[in-house]
Amino acid sequence: DALHALIDHAGAVSLPGTVRAVSDDNYITFTLSDGKTDTPVFDFSLNINGTYEICGTLYSIFLLTLEEYENCKKIHKILLKNTFDYDNISGILKVRNRMPGDAYHPVGRQGGKTLKKLFNEAKLSQIARSALPIVCDDSGIVMVPGFGCDERLKITADTKHIAFFGEKSAIERLHLGEGDG
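What you are looking at is a predicted structure, and each value in this text was computed from that prediction instead of being measured.

Draft legend 1. A look at the confidence of the model for the protein chain. Per-residue confidence for the protein chain gives a mean pLDDT of 81; residues scoring 70 or more make up 69%. Highest mean pLDDT in the protein chain belongs to strand β11 (residues 134-137) (97); lowest belongs to helix α1 (residues 2-8) (62). Across residues 176-181, where pLDDT falls below 50, the model places 13 contacts with residues more than four positions away in sequence or in other chains.

This is how it looks when you write it as structure tokens:
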């Protein structure tokens, strides 16, 4: 069962009622929501090769070399939007809910964008917005799955280690060599 999996692996799981269990390194933290909101709350560090349950969806994170990235890019261009330069992470890598005023500079877009504007453009529902994990480091937002990484962590020719954070099913497609459309 999901709670037992937290003993061996970092992640999070919703329990009956308003209880949530989050495992990070050697600790499991149980939180109780106030019951006044349906917005899930999560905020925990990420470990490479970890799998995490976030709002009922499994996400994983792993590293690729620049060569592996270039080989995958020909087939999995859309999936590889969920990558970033791991060597330029500032401090601790974590995942959390969006917060009021969150903004970042997505690669390939003119200037910065608030997540609110970005999500409005994508026509995401309030439920989808609250369930979408935001990957951050000590300097701010690193990447938002499906929207790409921040300009400061874009992949360059000098990048040595590329982190991929995305839905576990997408990662399995990368390893199986299936195309993404």
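Moving on from the model shown.
Draft legend 2. The arrangement of the sheet that holds strand β4 (residues 43-45) in detail. Across the sheet, five strands lie side by side as β4-β8-β11-β12-β13; this open sheet has antiparallel pairing. For this open sheet the edge positions go to β4 and β13 (148-149), each flanked by a neighbour on one side alone. Here two bridges tie strand β12 (residues 140-144) to β13, and the two strands are oriented antiparallel to one another. Within the sheet, the bridge partner assigned to Val144 lies in β13 and is Gly148.

Draft legend 3. Summary view of the pattern of salt bridges. In this structure the tally under the stated criterion is seven salt bridges. Ionic pairing is found between Lys113 and Glu121, a salt bridge with its closest N-O pair at 2.5 Å. Taking the shortest distance from any N to any O, the salt bridge between Asp137 and Arg152 comes out at 2.6 Å. Of this pair, Asp137 sits in strand β11 while Arg152 sits in the loop between β13 and β14 (161-167), and the two are 15 residues apart along the sequence. You can call Asp137 buried: its relative accessible area is 6%. Salt bridges sharing common partners tie together Arg109, Lys113 and Glu121.

Draft legend 4. Spotlight on the sheet that holds strand β5 (residues 51-54). Read across the sheet, four strands follow the order β5-β6-β14-β7 without closing on themselves; strand pairing throughout is antiparallel. Strands with a single pairing partner mark the edges of an open sheet, and in this sheet they are β5 and β7 (83-85). Averaged over all adjacent pairs, the angle separating strand axes in this sheet is 25°, with direction ignored. Of the pairings in the sheet, the one linking β7 to β14 comprises three bridges and is antiparallel in character.

Parameters at a glance
Residues numbered from 1 in each chain as written. Predicted model: local features only at pLDDT ≥ 70, side-chain atom pairs only at ≥ 80, totals over all residues. Heavy atoms only, no water. pLDDT = per-residue confidence, 0-100. Helix = DSSP H or I, 4+ residues; strand = E, 2+ residues; numbered from the N terminus. Contact = heavy atoms within 4.5 Å. Pairing = 2+ DSSP bridges. Salt bridge = Lys/Arg side-chain N within 4 Å of Asp/Glu carboxyl O. Buried < 20%, exposed > 50% of the residue type's maximum accessible area, 1.4 Å probe, protein only. Axes fitted to C-alpha atoms, helices over the stretch in contact; angles between N-to-C directions.

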